[in-house]
Amino acid sequence: MFLQQVFNGLTIGMTYALVAVGFSMVYGVLELANFANGAFYILAPYILFLMFSSMSWGLLPAIILAIIVTGVVGALMDHFILATIRKNKAPVSSSMVATLGVSTVITNGLIAIFGSDTKPIPSNVGIDSIHISTAILTGTQVLIIIAAVIIMVVLSLIVYKTKLGSAMRSIAQNGTAARMMGVNVNSIITITFFIGSACAAIAGAMTSMYYGSVDTMLYFSVSVKTFASVILGGIGSVPGAMLGGMLIGMLETFITGYVTSAYRDTISFMIIIVLLIVRPTGLLGQKKITKV
Amino acid sequence: MPLLQVTDLHVSYGAIKAVQGISFYLNEGEVVTLLGANGAGKSTTMNTIIGIVKASQGKIEFDGQDITGMPSHQIIKRGIALSPEGRQVFPRMSVTENLKMGAYTAKDSKVVVKGIQQAFDLFPILKERQNQLAGTLSGGEQQMLAVARALMTDPKLLILDEPSLGLAPIIVKDIFALITKISQMGITVLLVEQNARMALGVSDRGYVLETGKIVIEGRSDDLLVNPEVRNAYLGG
Ligand SMILES: Nc1ncnc2c1ncn2[C@@H]1O[C@H](COP(=O)(O)OP(=O)(O)O)[C@@H](O)[C@H]1O
Ligand SMILES: [Mg+2]
C-alpha cells in the first residue's frame, strides 16, 4: 500500500512538476502568471484525442503533434497579444487578463468542438508494468516518470548551461540590462512561451493517458495545482517548481490514500494559503534583490 | 566623418520632454564628456543611442549608418556598448556569467575567452571574485564589472554613464585612470559624468547639458577654465 502510494504520488508529482516548471520559466522572464497555461495543458489531450481516435494516427506522432501545436499556440499568444501589450507599456496585469481571455477562448472552444463530456484517451503505451512486491508501476507510469525526468534534466541544462538559458535568466534578473547586452528580449520571451506551453502539453497529454480520459474540468484543477507548486517551491525558481510539483503530488496522493479523498483539490488551496502566510518566498525562492 | 553623430535629438516620456533637440558628435579615438546635473537628460540620451528609449525626433548615425529607431540588439551588434548608470549587473549571476552576457552578441566563442582574459587583466579583483554572485560585490567592484562587461566585445564606442557615481574617492581615481587606458586601447569613449573636474581631465572635448539642451561645448581644456562651467560644475 505504502509503496503503491509512492508510485502514484511520484507519477502525479512529476506531471505537476513539469507544468510548474514551464509556468515558472514564463513567470521568470515576465513576472506574469500565465493563466492560459492550464488551457494549454488540456488542449494537448484534445489534439491527441482528435489525431489518435478520429484520424487514427499512431500514438507517438499524435503526441508529438499535440506538443508542437500547443507550444506554437503559446508562442503565438505571446507574439500577437502579449508582445503588443508590452510594446504599449501596459502593466503586467493587462497581460494577465489577456492570458485569462485566451484560456477562456481555448476552453470554451474545446467545449464547443468536442462537447463537455469526458473523452477517452489511449492509456496503453506498450510498456510492460513493473511489479515490486504488491505494488505495481504501470507502463504509463513508467513512461511518465522517465519522460518527466528526462525533460526536466534537459530543461535545467537549457536554463543553466546554454546561451538561451543565460538570456532567459538575464531577462528575469534585469530586463533593461539584458537589452543593453543585445538580448532580443521579445524573441527570447516568445521562445520561453513555446517551451512553457510545450511542457504543459506534455504533462497534459501524459496525465490524460494516465487517467485514460480528458475533460475540460481538468483546467481548473491543474491551474490550482500549478499555483500551489510554484508557490510552495518559490515563485520563479526552476528547481523550486520541480520540488513544489513533486511535493504537491505526493501530499495529495498520501492524504487522499490515507485520510480522505473528499478534499483532494482543497489540499492545494490550503497549502497555498498557509505558505503565503508562513513563508511567502517558498522553499527555494529567493527574496527579490532590489534593482539599484 | 564622425564615428557617432547625433542630430537634433528629441526624447519624451509622455508629457516630460527629457531631451529637447541636442546635437553632438564623437570622432574616432576621442574621449568626449557629457556633463550635466541630475535630471538634465544625460541617461536618456545614452539610452536612446543604444535603442532602449525611442527618439521622438532627430537622427543618430553610427559608423556611417542611420541607427535611429533600431532595436537594441541590432545597435549593439554594430559595436556600441553601454556601462549603464547604477551598474545594472545581473545580481544572481556570477562575475564570469555577467562577463559572458557582455559578449552575448558575439558569434565566436573565442571572443568570449579573449574578453574574459582581458577583463581579468584589466581588473585583477574580478578574477579573484570570478565565481561570486555579482549581487554580493561591493559598489566599486560592481562598477568595474559593469565596465568590463561592456568591454567584452571590444566595442568601437564605449558609453560610460556616471561610472564614478557613489564610489569612494580612491576608487573614483582608479576608474578615471582606467578610462585613459581604455582610450589607449583604441576605443572611442563617451563619458557621462557629474564629476566635471575628473571627467574633463581625461577627455578631449565636452558638452554641458541643462534641462534637455546643450548649453556649452568645447575642448576640455577650455571648459575647465570656462567661468560658467567653473561656477556650475567645478565649485567656482
Ligand atoms: N523612465 C522614465 N519615465 C519618465 N520620466 C523619466 C524617465 N527617465 C527619466 N525621466 C525624466 O527625464 C528627465 C531626464 O532624466 P535622465 O535622462 O535620467 O537625466 P540624467 O541622466 O541627466 O540625470 C528627468 O526629468 C527624469 O525625471
Ligand atoms: Mg543619469
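Here we summarise the structure given alongside this text. Every value quoted in this text rests on a predicted model; they were computed, and no experiment measured them.

A short note on the overall build of chain A
Reasoning step 1: Looking only at helices and strands, chain A features 11 helices and four strands.
Reasoning step 2: Over its C-alpha trace chain A gives a radius of gyration of 19 Å, about what one expects of a compact globule, namely 19 Å for 292 residues.
Reasoning step 3: Across the 292 residues of chain A, 52% fall into the buried class.
Reasoning step 4: If you take every contact in chain A between residues at least 6 apart in sequence, the share linking residues at least 24 apart comes to 77%.

Let's talk about the pattern of salt bridges
Residues and elements named next belong to chain B.
Reasoning step 1: For the coordinates displayed, the defined rule picks out 11 salt bridges over all chains.
Reasoning step 2: Here glutamate 162 ties to lysine 42 by a salt bridge, and the two come within 3.7 Å at their closest N and O atoms. Pair noted here: glutamate 162 is in the loop between β7 (157-161) and α7 (169-184) and lysine 42 is in helix α1 (residues 42-49), with a separation of 120 residues, a long-range link.

Examining the packing of helix α1 (residues 2-30) of chain A against helix α9 (residues 218-233) of chain A
Pairs of packed helices are described in terms of their axes, by the angle between the two and the distance that separates them.
Residues and elements named next belong to chain A.
Reasoning step 1: Here α1 crosses α9 at 70 degrees, and the two axes come no closer than 9 Å. Taken together, the axes of α1 and α9 are roughly perpendicular relative to one another. Together, Tyr16, Val19, Ala20, Phe23 and Ser24 of α1 and Val222, Lys225, Thr226, Phe227, Ser229 and Val230 of α9 make up the contact between the two elements.
Reasoning step 2: Partitioning the contact of α1 with α9 into residue classes produces seven nonpolar, three polar and one charged.

As for the coordination of the magnesium ion (ligand 2)
A four-donor tetrahedral metal ideally has 109.5 degree angles, and a six-donor octahedral metal ideally has angles of 90 or 180 degrees.
All names here are of chain B.
Reasoning step 1: Taken together, the protein donors to the magnesium ion (ligand 2) comprise Ser43 (OG) and Glu85 (OE), at separations of 1.9 to 2.0 Å. Residue serine 43 is located in helix α1, and its partner glutamate 85 is located in the loop between β6 (80-83) and α3 (95-102); the two are separated by 42 residues in the primary sequence.
Reasoning step 2: With a relative accessible area of 30%, glutamate 85 lands in the partly exposed category.

Here's the deal with the interface of chain B and chain A
Reasoning step 1: The partner chain A presents 21 residues to the 24 residues of chain B that form the contact.
Reasoning step 2: Each partner contributes to the roughly 2100 Å² buried at the junction of chain B and chain A, and carbon and sulfur atoms together form 60% of this total.
Reasoning step 3: Seen at the junction of chain B and chain A, the total is one salt bridge.
Reasoning step 4: Residue B:Glu97 pairs with A:Arg169 through a salt bridge whose shortest N-O separation is 2.9 Å.
Reasoning step 5: Linking chain B with chain A are nine residue pairs in polar contact (both at pLDDT 80 or more).
Reasoning step 6: Listing elements by their share of the side of chain B that touches chain A, those giving two or more residues are α2 (72-77) and α3 of chain B.
Reasoning step 7: Along the lines of polarity and charge, the residues of the side of chain B that touches chain A split into 13 nonpolar, eight polar and three charged.

Comments concerning unusual backbone geometry
Excluding glycine, most residues fall at negative phi; most peptide bonds, likewise, are trans.
Residues and elements named next belong to chain B.
Reasoning step 1: For arginine 87, which is not a glycine, the phi torsion comes out positive at approximately 70 degrees.
Reasoning step 2: Among the secondary structure elements, arginine 87 is positioned in the loop between β6 and α3.
Reasoning step 3: Looking at arginine 87, the relative accessible area reads 14%, which means it is buried.

Considering a nonpolar patch on the surface
All names here are of chain A.
Reasoning step 1: The grouping of Leu60, Ile64, Ile68, Val72, Leu76, Phe80, Ile81 and Phe194 at the surface amounts to a nonpolar patch, some 720 Å² of accessible area in total.
Reasoning step 2: Examining the composition of the nonpolar patch, we find that seven residues originate from one element, helix α3 (residues 59-87), more than from any other.
Reasoning step 3: Summarising the element assignment, leucine 76 is placed in helix α3.

Details of the site of ligand 1
Residue and element names in this part refer to chain B.
Reasoning step 1: What surrounds ligand 1 is the set Tyr13, Ile16, Ala18, Ala37, Asn38, Gly39, Ala40, Gly41, Lys42, Ser43, Thr44 and Glu85.
Reasoning step 2: Separating an oxygen atom of ligand 1 from a backbone N or O atom of glycine 41 is a distance of 3.0 Å.
Reasoning step 3: Between ligand 1 and lysine 42 there is a distance of 2.8 Å, counted from an oxygen atom to a backbone nitrogen or oxygen.
Reasoning step 4: Relative to its unbound accessible area of 560 Å², ligand 1 is 60% covered by the protein chains.
Reasoning step 5: Among the elements that line the shell around ligand 1, the one with the most residues is α1, at three residues.
Reasoning step 6: A breakdown of the residues in the shell around ligand 1 according to their chemical character gives five nonpolar, five polar and two charged.

Thoughts on the sheet that holds strand β8 (residues 188-193) of chain B
Through backbone hydrogen bonds, the strands of a sheet pair up, either in parallel or in antiparallel fashion.
All names here are of chain B.
Reasoning step 1: The mixed open sheet is built from six strands, whose spatial order is β6-β7-β8-β3-β9-β10. Among the strands making up the open sheet, the edge pair consists of β6 and β10 (213-219). Pairwise comparison of adjacent strand axes, ignoring direction, gives a mean angle of 15 degrees for this sheet.
Reasoning step 2: The pairing of strand β3 (residues 31-35) with strand β9 (residues 205-210) spans four bridges and is parallel.

A look at the packing of aromatic side chains
Reasoning step 1: Counted according to the given criterion, the structure contains nine aromatic pairs over all chains.
Reasoning step 2: Ring geometry for A:Phe35 and A:Phe227: centres 5.5 Å apart, planes at 70 degrees, overall edge-to-face. One end of the pair, A:Phe35, is in the loop between α1 and α2 (37-54); the other, A:Phe227, is in helix α9, and 192 residues separate them in sequence.
Reasoning step 3: Among the residues examined, A:Phe35 registers a relative accessible area of 23% and is labelled partly exposed.
Reasoning step 4: Taking 4.9 Å as the distance between ring centres and 35 degrees as the angle between the ring planes, the aromatic pair formed by A:Tyr46 and A:Phe114 counts as tilted. Of this pair, A:Tyr46 sits in helix α2 while A:Phe114 is found in helix α4 (residues 92-114), placing the two residues 68 residues apart along the sequence.
Reasoning step 5: A residue is classified by how much of its surface remains accessible, and A:Phe114, at 14% relative accessible area, is buried.
Reasoning step 6: In this arrangement the basic side chain of A:Lys163 is found over the ring face of B:Tyr104, its NZ or CZ atom lying 5.1 Å from the centre.
Reasoning step 7: Directly above the ring of B:Tyr25 sits B:Arg205, whose terminal nitrogen or CZ lies 4.0 Å from the centroid.

Focus on the side chain of A:Thr253
Residues and elements named next belong to chain A.
Reasoning step 1: Within the element layout of this structure, threonine 253 appears in helix α10 (residues 238-259).
Reasoning step 2: In this structure threonine 253 comes out as buried when scored by relative accessible area, which is 11%.
Reasoning step 3: For threonine 253, the residues in contact, after removing those within four places along its chain, are Gln5, Asn8 and Gly9.

Calculation notes
- Residues numbered from 1 in each chain as written.
- Chains lettered and ligands numbered in written order.
- Predicted model: local features only at pLDDT ≥ 70, side-chain atom pairs only at ≥ 80, totals over all residues.
- Heavy atoms only, no water.
- Helix = DSSP H or I, 4+ residues; strand = E, 2+ residues; numbered from the N terminus.
- Rg over C-alpha atoms; globule rule 2.2 N^0.38 Å.
- Buried < 20%, exposed > 50% of the residue type's maximum accessible area, 1.4 Å probe, protein only.
- Contact = heavy atoms within 4.5 Å.
- Salt bridge = Lys/Arg side-chain N within 4 Å of Asp/Glu carboxyl O.
- Axes fitted to C-alpha atoms, helices over the stretch in contact; angles between N-to-C directions.
- Parallel < 35°, antiparallel > 145°, perpendicular 65-115°, else oblique.
- Nonpolar A, V, L, I, M, F, W, Y, C, P; charged D, E, K, R; others polar.
- Donors = N, O, S within 2.8 Å, 3.2 Å for Na, K, Ca; no water.
- Buried area = accessible area lost by both parts, 1.4 Å probe.
- Polar contact = N/O pair within 3.5 Å; in protein donor to acceptor, adjacent residues only side chain to side chain.
- Patch = residues over 30% accessible without salt bridge, like charges linked within 9 Å, V, L, I, M, F, W, Y side chains within 5 Å.
- Areas by Shrake-Rupley, 256 points an atom, 1.4 Å probe, with all protein chains shown as cover.
- Near = heavy atom within 4 Å.
- Pairing = 2+ DSSP bridges.
- Phe/Tyr/Trp six-rings, centres within 6.5 Å; stacked < 30°, edge-to-face > 60°.
- Lys NZ or Arg CZ within 6 Å of the ring centre and 35° of its normal.

Function cannot be inferred from these measures alone, as they are strictly geometric.
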